[in-house]
Amino acid sequence: MLDHVSLGVADLERSRRFYDAALRPLGIVRIVDFHGRGSDYGAMAGSLGVEFTITSESRVMPAPAMHVCFRAPDRDAVRSFHAAAIAAGGQSDGEPGSRSQYHPDYFAAFVLDPDGYRIEAVCHAPQMPASL
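Q: Give me the sheet that holds strand 1 (residues 5–9): which residues, what numbers.
A: Pairing is mixed across the open sheet formed by 4 strands, whose spatial order is 1-4-3-2. Lying at the two open borders of the sheet, with one neighbouring strand each, are strand 1 and strand 2 (29–34). Geometrically, the sheet is characterised by an average inter-axis angle of 20° between neighbouring strands, direction not taken into account. Note that strand 3 (residues 38–42) and strand 4 (residues 50–56) share 5 bridges and pair antiparallel. Residue pairing in the sheet places Asp40 in a bridge with Thr53 of strand 4. Relative to the sheet, helix 1 (residues 12–23) contacts strand 1, strand 2, strand 3 and strand 4, its axis offset from that of strand 3 by approximately 5°.

Spelled out as structure tokens, the structure:
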């Protein structure tokens, strides 16, 4: 449905460092830099690989109810995302754990990026296979 999501950031280099670290455990890496204007991130190179973009903006106003959620391949990746994001200057907004109010296998972590955007990583896979 969506091609990519873009967020405006106040300090491009600070945000590059944050997203480079936070997204790597999810298999998402920086693939393109726009000469001081922004960066694209994705799981594969090229224009068709872009999933997320940050752009340098003079005015940044994160909306409190809005957040960006990245799919994680497993629960360990969610944990690694959270730890890497905190180490890179993010602030925890929800430790890694089950969020059964969404569904029984919803495992997620939330952080606030350096500009205050709420960023989530989620794994929907069950911890163990269902038994019948």
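Q: Describe the sheet that holds strand 6 (residues 91–98), with residues and values.
A: Strand order across the open sheet formed by 4 strands is 5-8-7-6, with mixed pairing between neighbours. Because the sheet does not close on itself, it has two edges, and the strands there are strand 5 (67–71) and strand 6. With strand direction ignored, the average angle separating the axes of adjacent strands in the sheet is 15°. Summarising the sheet, strand 5 and strand 8 (residues 118–123) pair through 5 bridges and their orientation is parallel. Directly across from His67, in strand 8, lies its bridge partner Arg118. Along the sheet, helix 2 (residues 75–87) makes contact with strand 6, strand 7 (107–112) and strand 8, crossing strand 7 at roughly 10°.

Q: Which residues make up the nonpolar core, and what values do they have?
A: The biggest cluster of nonpolar side chains holds 26 residues, and the ones touching the most others in it are Tyr19, Leu23, Leu26, Phe52, Phe70, Phe81 and Ile119. Those elements that place two or more of their residues in this core are strand 1, helix 1, strand 4, strand 5, helix 2, strand 7 and strand 8. Not counting the four nearest positions on each side in its chain, Phe70 is found in contact with Leu23, Leu26, Ile28, Phe52, Ile119, Glu120, Ala121 and Val122.

Cut-offs used in this document
- Residues numbered from 1 in each chain as written.
- Predicted model: local features only at pLDDT ≥ 70, side-chain atom pairs only at ≥ 80, totals over all residues.
- Heavy atoms only, no water.
- Pairing = 2+ DSSP bridges.
- Helix = DSSP H or I, 4+ residues; strand = E, 2+ residues; numbered from the N terminus.
- Axes fitted to C-alpha atoms, helices over the stretch in contact; angles between N-to-C directions.
- Contact = heavy atoms within 4.5 Å.
- Core = buried A, V, L, I, M, F, W, Y, C linked by side-chain atoms within 4.5 Å.
- Buried < 20%, exposed > 50% of the residue type's maximum accessible area, 1.4 Å probe, protein only.

Function cannot be read off these values alone, since they describe shape.
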